[in-house]
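# Observations on the model geometry
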Amino acid sequence: MLKHGILGLLNYSDMTGYDIKTVFNDSLKYFWQAQTSQIYRELQVLEKNGWIKSTHVEQSGRPDKNVLSITEEGKKELKRWLTDDSESSTIRNPILMKTFFRGECGLDENIEFFRNLAERECVFPEGSNEADSIQSEYKKNIDNPMKALYWKFTSDFGMMYDKMLRKWCKNCISELEALKNENTLD
């Protein structure tokens with residue numbers, strides 16, 4: 001998946017590895033995590049596959065850089081991946097795995113877990129203003145308004161996810177506090 005994310009970014013414009021990591025951190029990181037080393041490893045694979053090409057650019061007074069661009073073969077691969085509906089998106093969520101086994105912990109510990117969870121795991125810690133700001137900045141640089149619309153859809157999903165996560169944590173805390181109150185009445 002990471003390789004296709006990188007192809008998608010390069011389909012917008014040519015970038016250096018640093019640029020890719022920066023744009024990744026401003027956009028894709030909200031739903032897909034990748035370390036810098038993973039991105040650079042994928043870039044090597046993409047170039048080996050002939051999906052991207054690197055152009056060495058000499059700079060005066062600054063270190064030289066390699067500018068990466070997507071090839072026609074890379075665009076075909078991106079399109080193939082985008083239209084492949086056979087890929088399953090099975091949920092693998094560490095939060096739910098931990099929640100499933102939280103019966104091993106005490107009520108107070110679990111209440112604290114859910115109190116911290118929403119803030120620790122939210123997509124936009126700074127709220128919707130952060131999402132809107134990032135979206136506006138990149139919208140200026142995208143030549144096709146329809147492409148920007150899909151960035152908005154992804155951002156909307158992140159905001160809705162944050163809202164759902166906060167509500168779910170609040171419900172879990174309410175049920176645990178009710179149990180705690182029942183136990184103190186006994």
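Everything quoted here is computed from the prediction, not taken from an experiment. (Residues numbered from 1 in each chain as written. Predicted model: local features only at pLDDT ≥ 70, side-chain atom pairs only at ≥ 80, totals over all residues. Heavy atoms only, no water.)

## Considering the packing of aromatic side chains
Each aromatic ring pair is described using two quantities: the centre-to-centre distance and the angle formed by the ring planes. In the structure shown here, the tally under the stated rule is five aromatic pairs. Ring centres 5.0 Å apart and planes at 80° place the aromatic pair Phe-100 and Phe-101 in the edge-to-face group. Residue Phe-100 is classed as exposed on the basis of its relative accessible area of 66%. An aromatic cluster of at least three residues, connected via ring pairs, comprises Phe-113, Phe-114 and Trp-168. If you follow Arg-102 out to its NZ or CZ, it ends over the ring of Phe-113, 4.0 Å from the centre. (Phe/Tyr/Trp six-rings, centres within 6.5 Å; stacked < 30°, edge-to-face > 60°. Buried < 20%, exposed > 50% of the residue type's maximum accessible area, 1.4 Å probe, protein only. Lys NZ or Arg CZ within 6 Å of the ring centre and 35° of its normal.)

## So, the pattern of salt bridges
A full pass over the atoms with the stated rule returns nine salt bridges. A salt bridge links Glu-121 to Arg-120, with the shortest nitrogen-to-oxygen separation between them at 3.5 Å. Within the structure, one salt-bridge network assembled from shared partners comprises Glu-77, Arg-80 and Asp-84. (Salt bridge = Lys/Arg side-chain N within 4 Å of Asp/Glu carboxyl O.)

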